[in-house]
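Now for the letters of each chain:
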Amino acid sequence: TLQQKILQAHLPKDVEEKLATEKPSTYTDFVLTLPFNKISQDILDIQRAKQILDKNHYGLEQVKARILEYLSVLILHRRQESQTPFHAPVLLLVGLVGTGKTSLASSIAEALGRPMERIPFGGLGDPNQLRGTSRVQPDAEPGLVIKAVLTSGCKNPVILLDEIDRIAEGKVTDVMGVLVELLDPAQNHAFTDHYLDFPFDLSQVLFIATANNTGNIATAVMDRLEPIQMPSYSDGEKLVIAKNYLLPKAIK
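Residues numbered from 1 in each chain as written. Predicted model: local features only at pLDDT ≥ 70, side-chain atom pairs only at ≥ 80, totals over all residues. Heavy atoms only, no water.

## Section: the overall build of the protein chain
- The number of helices and strands found in the protein chain is 11 helices and seven strands.
- Radius of gyration (C-alpha) of the protein chain: 20 Å, near the 18 Å computed for a compact globule of 252 residues.
- Reported as C-alpha extents along the three principal axes, the dimensions of the protein chain are approximately 65 × 45 × 40 Å.
- Taking all contacts inside the protein chain whose residues are at least 6 apart in sequence as the whole, residues at least 24 apart take part in 75%.
- Of the roughly 13100 Å² of accessible surface on the protein chain, a fraction of 51% belongs to carbon and sulfur atoms. (Helix = DSSP H or I, 4+ residues; strand = E, 2+ residues; numbered from the N terminus. Rg over C-alpha atoms; globule rule 2.2 N^0.38 Å. Contact = heavy atoms within 4.5 Å. Areas by Shrake-Rupley, 256 points an atom, 1.4 Å probe, with all protein chains shown as cover.)

## Quick notes on the sheet that holds strand 3 (residues 158-162)
- Strand order in the open sheet made by the five strands is 2-3-6-1-7, with parallel pairing throughout. In the strand order of this sheet, the two ends are held by strand 2 (116-120) and strand 7 (225-229), each with one partner. Averaged over all adjacent pairs, the angle separating strand axes in this sheet is 25 degrees, with direction ignored.
- The pairing of strand 2 with strand 3 spans five bridges and is parallel. Following the sheet pairing, P120 is matched in strand 3 by D162. (Pairing = 2+ DSSP bridges. Axes fitted to C-alpha atoms, helices over the stretch in contact; angles between N-to-C directions.)

## Considering helix 2 (residues 13-20)
- Among the residues of helix 2, those classed as buried are V15, K18 and L19. Seen end-on, helix 2 carries its buried residues on one side only, within an arc spanning 95 degrees. Helix 2 presents K13 and A20 as exposed residues on the side facing more than 90 degrees away from its buried surface.
- Looking at the buried residues of helix 2, the elements they touch are helix 1 (2-9) and helix 3 (26-33). (Buried < 20%, exposed > 50% of the residue type's maximum accessible area, 1.4 Å probe, protein only. Arc of directions from axis to C-beta.)

## So, the side chain of T210
- Relative to the helices and strands, T210 is located in strand 6 (residues 206-211).
- A polar contact is formed between the side chain of T210 and the side chain of D162, at a distance of 2.5 Å.
- In this view, T210 contacts L92, L93, K101, L160, L161, D162, E163, I164 and D165; residues no more than four positions away in its chain are not counted. (Polar contact = N/O pair within 3.5 Å; in protein donor to acceptor, adjacent residues only side chain to side chain.)

## Things to note about the packing of helix 2 against helix 3
- In the contact formed by helix 2 and helix 3, the axes pass within 11 Å of each other and the chain directions differ by 160 degrees. Relative to helix 3, helix 2 is oriented roughly antiparallel. The hand of the helix 2/helix 3 crossing is left-handed. Seen from helix 2, the contacting residues are V15, K18 and L19; seen from helix 3, they are Y27, T28, V31 and L32.
- Residues of the contact of helix 2 with helix 3, tallied by class, amount to five nonpolar, one polar and one charged. (Parallel < 35°, antiparallel > 145°, perpendicular 65-115°, else oblique. Left-handed = near helix turned anticlockwise from the far one by under 90°. Nonpolar A, V, L, I, M, F, W, Y, C, P; charged D, E, K, R; others polar.)

## Here we look at the nonpolar core
- With 46 residues, the main nonpolar core has L161 and I164 as its most contacted residues.
- Among the secondary structure elements, those contributing two or more residues to this core are helix 1, helix 2, helix 3, strand 1 (90-94), helix 8 (144-152), strand 3, helix 9 (172-183) and strand 6.
- In terms of residue count, the dominant contributor to this core is helix 9 (seven residues).
- If near-sequence neighbours (up to four positions away) are discounted, I164 is found in contact with L92, F121, M176, L179, A209, T210, A211, I217 and L225. (Core = buried A, V, L, I, M, F, W, Y, C linked by side-chain atoms within 4.5 Å.)

What follows is the structure, encoded as structure tokens:
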């Protein structure tokens, strides 16, 4: 039965060979459910993207313009049907709590028609939470990144790396090392989760990061990010947002 499932899954050759030596287990079931070949079809419509940003966000004209530029390049790249992944710097939305960072990331995912998964970095203290734990450990499990890909059901979701400046004190260097690997196009096509114990291609994932400020983010990580500063709202603007955006959603 396991051999039949392996054949039906159309796995990469090295993964197929690896599973062929395994006994049926939670591990084999997990690997067989990973979306090796499932890709979400992008919606390549920049006018629709603009409508979604305007519908979901009040003001923020400069921020929305920059996001539309970013999406325009991605859409042009996809329309050319290039076989190479989209290698642009990862957007980093920088701003105080409540300035709309997470909802902007959600709008980008909606504009492209991709599912979005969120990985919270607030208080994260163990790099293995991202990279997974080896199956020799009794409490072994996959890392948050591979779990997010599995939950999304496709190999090209939008993954929000939320509050990457709020990693637990004393663990910043270790976690930032994993972040470099995640965000670097030269490395993320062969990201190795310790639980999987084989490389998984993350090059088609669209990562978006958020932070309250950039002071605690390693230089090597910042080199792979494009910061976009989120402005604070005045009291008058907050009233408009509450009345025209939040209240109708709450009533609905």
